[in-house]
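Residue strings, one per chain:
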Amino acid sequence: MNKELEFAYRVKRALDANLENLPESTTQSLTEARRVALARKKNPTTPIRAVAPHFVLAGNTGGTLSPAPWSWLGRLGVAIPLLAGVLLFAGLYQYEHQQRISDLAEIDAGVLSDELPLSAYLDHGFDAFLAQQGE
């Protein structure tokens, strides 16, 4: 953000915070300055065209009721990436789920093939023993 725009935002925040405390003459002069600034900003060479709102059915051309011949292609252009994203996320979820299952199976196999009884794994002192052996 350039410095001029940053300064304008700071001035705007300060004026908004103290709007109730400003005298009436100041608010009128600020309103006039804003009107002048907006008038300068508009480009006088381009004419302003007013467009009346009207109802148009999607896919219709020229007011006819027959659908455009390639309108389904536009819908397909949105649906295909959306479907690909859903399939990608579903595949990623399945992959991660299978990885978790295989990791848990590996841990279970290690516990069951060990010579220690299962009650030893539940003992808190055994955790301290394993931590001491690891050091």
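Every value quoted in this text rests on a predicted model; they were computed, and no experiment measured them. (Residues numbered from 1 in each chain as written. Predicted model: local features only at pLDDT ≥ 70, side-chain atom pairs only at ≥ 80, totals over all residues. Heavy atoms only, no water.)

### With respect to the overall build of the chain
Then step 1. Helix and strand counts for the chain come out as 5 helices and 0 strands.
Then step 2. Mapped from its N terminus to its C terminus, the chain presents α and β elements in the order α-α-α-α-α.
Then step 3. Expressed as a percentage of its 135 residues, the buried residues of the chain come to 2%. (Helix = DSSP H or I, 4+ residues; strand = E, 2+ residues; numbered from the N terminus. Buried < 20%, exposed > 50% of the residue type's maximum accessible area, 1.4 Å probe, protein only.)

### Re the pattern of salt bridges
Then step 1. Counted under the stated rule, the structure contains 2 salt bridges.
Then step 2. For Glu 32, the salt bridge is made with Arg 35, and the minimal N-O distance between the two is 2.3 Å. Remark: Arg 35 and Glu 32 occur in helix H2 (residues 24-41); sequence separation between them is 3 residues, near one turn of the helix. (Salt bridge = Lys/Arg side-chain N within 4 Å of Asp/Glu carboxyl O.)

### Digging into the confidence of the model for the chain
Then step 1. In the predicted model, the chain carries a mean pLDDT of 77, and the fraction of residues at 70 or more is 77%.
Then step 2. Ranking the elements of the chain by mean pLDDT puts helix H4 (residues 118-122) last with 74 and helix H3 (residues 71-113) first with 89. (pLDDT = per-residue confidence, 0-100.)

### Re a nonpolar patch on the surface
Then step 1. Taken together, the side chains of Phe 7, Val 11, Leu 15 and Leu 30 present a nonpolar region at the surface, about 310 Å² in accessible area.
Then step 2. With 3 residues, helix H1 (residues 3-17) is the single largest residue contributor to the nonpolar patch.
Then step 3. Accessibility expressed as a relative area gives 32% for Val 11, which makes it partly exposed. (Patch = residues over 30% accessible without salt bridge, like charges linked within 9 Å, V, L, I, M, F, W, Y side chains within 5 Å. Areas by Shrake-Rupley, 256 points an atom, 1.4 Å probe, with all protein chains shown as cover.)

### Points about the layout of surface pockets
Then step 1. Within this model, the largest pocket holds a volume of roughly 340 Å³.
Then step 2. Taken together, Ala 8, Tyr 9, Val 11, Lys 12, Leu 15, Asp 16, Leu 19, Leu 22, Thr 27, Leu 30, Ala 33 and Arg 34 make up the lining of the largest pocket.
Then step 3. The greatest single-element share of the lining of the largest pocket, amounting to 6 residues, is contributed by H1.
Then step 4. Looking at side-chain class alone, the lining of the largest pocket contains 8 nonpolar, 1 polar and 3 charged residues. (1 Å grid on protein atoms, 1.4 Å probe; cavity = no way out; pocket = protein on both sides within 12 Å on 5 of 7 lines; lining within 4 Å. Points joined across faces, edges and corners; volume = space filled by probe spheres on them. Nonpolar A, V, L, I, M, F, W, Y, C, P; charged D, E, K, R; others polar.)

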